[in-house]
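Chains, contacts and geometry: an overview
Listed below are the residues making up each chain.
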Amino acid sequence: MNKLPIIIKREYLAKVRNKSFVIMTFLSPILMVAMVVLIAYLTKINDNQKRIIGVFNESDYFSNDFNTTESTSYVLFKDVSLQAAKDSTAHMGYYGLLHIPYEDELEKVAAHSYFYTKETPSSSVLEQLEHVFQARLRERRLQDMGVSSSEFAQMDKKYEINTETFEGEQNLKGVNEIKAIIGGGFGYLIMMFIIIYGGFVMRSVIEEKTSRIIEVIISSVKPFQLMMGKIIGTSLAGITQFAIWIVSATLLLFVAFAIFDIDPTTLNNGAEVTGGMAGNMMPSVPTPNQTIQAYAQELFKIPWAMLICFFVVYFILGYLIYSSIYAAIGAAVDNETDTQQFIFPIILPLMLAIYVGFFSVFSNPHGPIAVGFSLFPLTSPIVMLMRLPGGIGEGGVPIWELVVSILLLIVTFLGIVWFAAKIYRVGILMYGKKPTYKELFKWIKY
Amino acid sequence: MDNILVTKEVTKQYGKHLALNKVSLEIPKNSIYGLLGPNGAGKTTLIRIINQITFPDKGEVYFDGELLKPKHISMIGYLPEERGLYKGMKVGEQALYLAQLKGLSKVEAKKRLMYWFERLDIGDWWNKKVQELSKGMAQKIQFIVTILHEPKLLIFDEPFSGFDPINANIIKDEILNLKEKGTSIIFSTHRMESVEELCEYIALIHQSEKILDGKLSDIKKAYKNNIFRVGLQAENVDLLLTEISDKFNISKVGVDALENQLDFTIQIPANDSGEILAFFANRSNINQFTEIIPSANEIFIQTVQDKDANE
């Protein structure tokens, strides 16, 4: 009779019934959603705060340039003294006063204009104002050179280079980044899962050692069976937890947004504040909707089915490799405080994968660093997943790289599990002292 | 003689440390076999080899005439010295799990567990968590789990540790009962009085080698030195003592002049007790004449010390 399913079942139930597991499972989505809602809510409040700027314009210029925008409105002062304008600006609680004096030339007007505020003005406000002056100054200079206003309007068009793949598909700027973020999301998920559930596996092994049940069990099952049962059982518990999180977080998010009346797109706008402002100042930019549509299309073009398939492959192999190392560490030591020196070398490649992934894959998914790390077995589950949203084959990850990466991963998996099982087999029956690396190496030969 | 377990020159090395050196044992069927030895002698290694937790570098182990194979695991029950249970798990669930790992079906395991829980009077523990139990209570559960699958060979490593005397007796009776039913038992312990009480055969392992084995009664015979404890009653004990000590080599003398009692220990040549008895009988009333048979404890200490002295 095969004992593996019995072990898996026990490990799964032991994990799932654990009080802290239950609490974490149901509390985390609430915390997560609360956080997102809070951020969205704060962003909303932040956006709602409008700045009012007083404009005291004595010159003949700029009469139509200060238009109220989403975040800033302008109040015009007329026929008052500068001091009166300042006083009333302060009195009304406006953000600041822009004084444009009367001069005969635009250059001089600009040179003698002042922005008065109570405190040091925010850089975004200054940029906004400076932009107005710059635009007007440039127009004037061009007029001096003989370019008319209408000609100027035609000339000042935003330009973006068109990009296309050799197959004729249009490339969008920033799509690489978006793809890498999606892949990075998967990679990050794998890393978190490995660290959290690898830790669980390790603690579970230590528990069996300290409670001395290990020797009872080991007389009826093979250490390898117990180790694999533990790893699989714990990961199933983890998958259960993730599934509950994803489902409940999604539900809660919708509920929360409905209750607080927050438009989910607020969040996206928040991330592109500068882009939004540029759009406001420059009406000639193509409508944002079109761009979003193009990006959405690009997202649909990402081969999701393929991505999820490979996510599963890399996830399983990566998790098995790391959690068997965790199991071996648990077997080698007697208590959790002794694990630190062994854990650091495992976390290192994971962190490296995430950082290297975010830096080099973002800028160039097919550069040598990105390729190297997506082949190296300890980092490939994370880095390769960051590259994969770009597709496989032409324009994406070459098939040979994918094959080599998975083959290397499988070979490493077999090697590491063999190695970990050896250490596990000896370690679980050793009590009392913390082994050195040298001793661990010796155990392999027992 | 039919043996349940035979080891032939079993050798096991851990790095530079030789844990077992050519240990050959024959453990007869339906007997209680005491595996004795100081700490670190290699007993646990040998037991782990029998349980196939580790494997010998050299030598073979035969179980019931066959070379030891994984299929024999379900025919062996092992109660290790370092034993424990999952603390957070309920007693019944845990017992079921361990029984299933031994190859019992869930239904069968539950049926047998119910029987044993009733028998050892712990039926109401089923839904308790292990951390609520005392050490002795947990030991009872481990005992049940060890024997539940009715193995042909049972290995108990210090089975009485953690038990109060009453429960230790209950467990001892159960062990004897199992032997009656035909189970062979290997019994590893430092408690020599339980060796005397239970074991028919013993093996002594010291510094990775077997230095003594055989039937306990035979070993005792081999270790006795024709030393007798004698008690005599005479009118003038002092005179008698002088007379005897002139003629024989005696020790541990006790004189009670009021009661006219003389006690001493005497070593006599083999098969020559008649003459000496006649000598005593002529001069006094003999009220004690007993051969001193060494206890297992004495044999244990003497053998180990002899061995150490020879090196």
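Conventions adopted
- Residues numbered from 1 in each chain as written.
- Chains lettered and ligands numbered in written order.
- Predicted model: local features only at pLDDT ≥ 70, side-chain atom pairs only at ≥ 80, totals over all residues.
- Helix = DSSP H or I, 4+ residues; strand = E, 2+ residues; numbered from the N terminus.
- Buried ≥ 20, exposed ≤ 12 C-beta atoms within 10 Å, placed from the backbone.
- Contact = placed C-beta atoms within 7 Å.
- Nonpolar A, V, L, I, M, F, W, Y, C, P; charged D, E, K, R; others polar.
- Pairing = 2+ DSSP bridges.
- Axes fitted to C-alpha atoms, helices over the stretch in contact; angles between N-to-C directions.
- Domains from an automatic or database assignment.
- UniProt positions renumbered as here; feature names shortened; annotations may be inferred.
- Expected span 1.5 Å × (residues − 1).
- Core = buried A, V, L, I, M, F, W, Y, C linked by C-beta atoms within 7 Å.
- Parallel < 35°, antiparallel > 145°, perpendicular 65-115°, else oblique.
- Left-handed = near helix turned anticlockwise from the far one by under 90°.
- pLDDT = per-residue confidence, 0-100.

In this section: the overall build of chain A. Of the regular secondary structure elements, chain A holds 18 helices and six strands. Taken over 446 residues, chain A has a buried fraction of 29%. Residue pairs in contact within chain A that sit at least 24 positions apart in sequence constitute 74% of those at least 6 positions apart.

On to the environment of A:Thr337. Note on placement: A:Thr337 falls in the loop between helix H13 (304-332) and helix H14 (340-363). For the pair A:Thr337 and A:Phe358, spaced 21 residues apart in the sequence, the C-alpha separation amounts to 32 Å.

Moving on: unusual backbone geometry. Residue and element names in this part refer to chain B. Despite not being glycine, glutamine 52 shows a phi value in the positive range, around 60°. Secondary-structure assignment places glutamine 52 in the loop between helix H1 (43-50) and strand S4 (58-63). The backbone phi angle of lysine 252 is positive, close to 50°, even though this residue is not glycine. Summarising the element assignment, lysine 252 is placed in strand S12 (residues 250-256).

Right, let's get into the interface of chain A and chain B. Where the parts come together, the accessible area they lose is often given as the size of the interface. The partner chain B presents 21 residues to the 17 residues of chain A that form the contact. Elements supplying a minimum of two residues to the side of chain A that touches chain B: helix H1 (4-17) and helix H8 (214-218) of chain A. Element by element, the count of residues in the side of chain A that touches chain B is highest for H8(A), at four residues. Partitioned by chemical class, the residues of the side of chain A that touches chain B number nine nonpolar, three polar and five charged.

A separate point is the sheet that holds strand S6 (residues 76-79) of chain B. All names here are of chain B. What the six strands build is an open sheet, ordered S6-S7-S8-S3-S9-S10; its pairing is mixed. In this open sheet, the two strands that pair with only one neighbour each are S6 and strand S10 (209-215). The mean angle between the axes of side-by-side strands here comes to 15°, regardless of whether they run parallel or antiparallel. Sheet topology places strand S3 (residues 32-36) next to strand S9 (residues 201-206); four bridges connect them, and they run parallel. Residue pairing in the sheet places leucine 36 in a bridge with leucine 204 of S9. Packed on one face of the sheet, H1 meets S3, S6, strand S7 (153-157), strand S8 (184-188) and S9 and runs near 150° to S7. Of the strands in this sheet, S3, S9 and S10 are in contact with helix H10 (residues 296-310), which crosses S9 at around 30°.

What follows deals with the domain arrangement of chain B. For chain B, the domain assignment lists domain 1 (3-221) and domain 2 (225-291). For domain 1 of chain B and domain 2 of chain B, the distance between their C-alpha centres works out to 46 Å.

Another aspect to go through is the UniProt feature "transmembrane region" (unreviewed entry) in chain A. Residue and element names in this part refer to chain A. The sites that UniProt annotates as "transmembrane region" (unreviewed entry) are residues 21-42, 180-201, 239-260, 302-322, 342-362, 369-387 and 399-421. Secondary structure across residues 21-42 divides into 100% helix and 0% strand, with the first and last C-alpha atoms of the span separated by 31 Å. Taken end to end, residues 302-322 comprises 90% helix and 0% strand; its first and last C-alpha atoms sit 29 Å apart.

We now examine helix H17 (residues 399-427) of chain A. The terminal C-alpha atoms of H17(A), which comprises 29 residues, lie 41 Å apart, in line with the 42 Å expected from a rise of 1.5 Å per residue. Looking at H17(A), one finds that the buried residues are A:Leu402, A:Ser405, A:Leu409, A:Val417, A:Ala420, A:Ala421, A:Ile423, A:Tyr424, A:Arg425, A:Val426 and A:Gly427.

Core analysis: the biggest nonpolar cluster contains 131 residues, and A:Ala327 and B:Ile155 have the highest contact counts within it. In terms of residue count, the dominant contributor to this core is H13(A) (15 residues). Residue contacts for A:Ala327: discarding those within four places in its chain leaves A:Val201, A:Met202, A:Val205, A:Met227, A:Lys230, A:Ile231, A:Ala420 and A:Tyr424. Among the nonpolar cores identified, the runner-up in size contains eleven residues, and A:Phe56, A:Phe66, A:Ile100 and A:Val109 belong to it.

Once that is clear, we can look at the sheet that holds strand S4 (residues 114-117) of chain A. For sheets, the rule is that strands pair by backbone hydrogen bonds, running either parallel or antiparallel. All names here are of chain A. Strand order in this open sheet of four strands is S2-S1-S3-S4, and the pairing throughout is mixed. Strands with a single pairing partner mark the edges of an open sheet, and in this sheet they are strand S2 (72-77) and S4. In this sheet, neighbouring strand axes are inclined to one another by 25° on average, regardless of whether the strands run parallel or antiparallel. Bridge analysis of strand S3 (residues 96-100) against S4 gives four bridges, and the strand direction is antiparallel. Residue leucine 97 lies in a different strand from S4, and its bridge partner there is tyrosine 116. With respect to the sheet, helix H3 (residues 82-92) is in contact with strand S1 (51-57), S2, S3 and S4, its orientation differing from that of S3 by roughly 160°.

According to UniProt, the positions carrying the feature "domain: ABC transporter" (unreviewed entry) are residues 5-232 of chain B. Between the end C-alpha atoms of residues 5-232 of chain B there is a gap of 49 Å, over a span that is 34% helix and 30% strand.

The next thing to look at is the packing of H14(A) against helix H15 (residues 368-375) of chain A. All names here are of chain A. At a minimum axis distance of 9 Å, the contact between H14 and H15 shows a crossing angle of 150°. When the interaxial angle is binned, H14 and H15 end up roughly antiparallel. Crossing handedness for the pair H14 and H15: left-handed. Of H15, the residues touching H14 (which contributes Ala353, Val356, Ser360 and Val361) are Ile369, Ala370 and Phe373. Of the residues in the contact of H14 with H15, the class split is six nonpolar, one polar and no charged.

Let us look at the environment of B:Asn167. Residues and elements named next belong to chain B. In this fold, asparagine 167 is placed in helix H5 (residues 165-180). In sequence terms asparagine 167 and leucine 120 are 47 residues apart; their C-alpha atoms lie 9.4 Å from each other. Ignoring anything within four residues of it in the chain, the contact list for asparagine 167 reads Gly136 and Lys140.

Residue and element names in this part refer to chain A. Averaged over every residue, the pLDDT of chain A is 78; the share at 70 or more is 81%. Here helix H11 (residues 273-281) stands out as the element of chain A with the lowest mean pLDDT, 38, in contrast to H1, whose mean of 90 is the highest. Per-residue pLDDT stays below 50 along residues 267-286; that stretch engages in 13 contacts with residues further than four places along the chain or on separate chains.

Residues and elements named next belong to chain A. Where H15 contacts helix H16 (residues 380-387), the two axes come as close as 7 Å, and the packing angle between them is 130°. Overall, the two elements H15 and H16 adopt an arrangement that is oblique. Considering how the two elements wind past one another, H15 and H16 form a crossing that is left-handed. Across the interface between the two elements, Ala370, Phe373, Ser374 and Leu375 from H15 touch Ser380, Val383, Met384 and Arg387 from H16.

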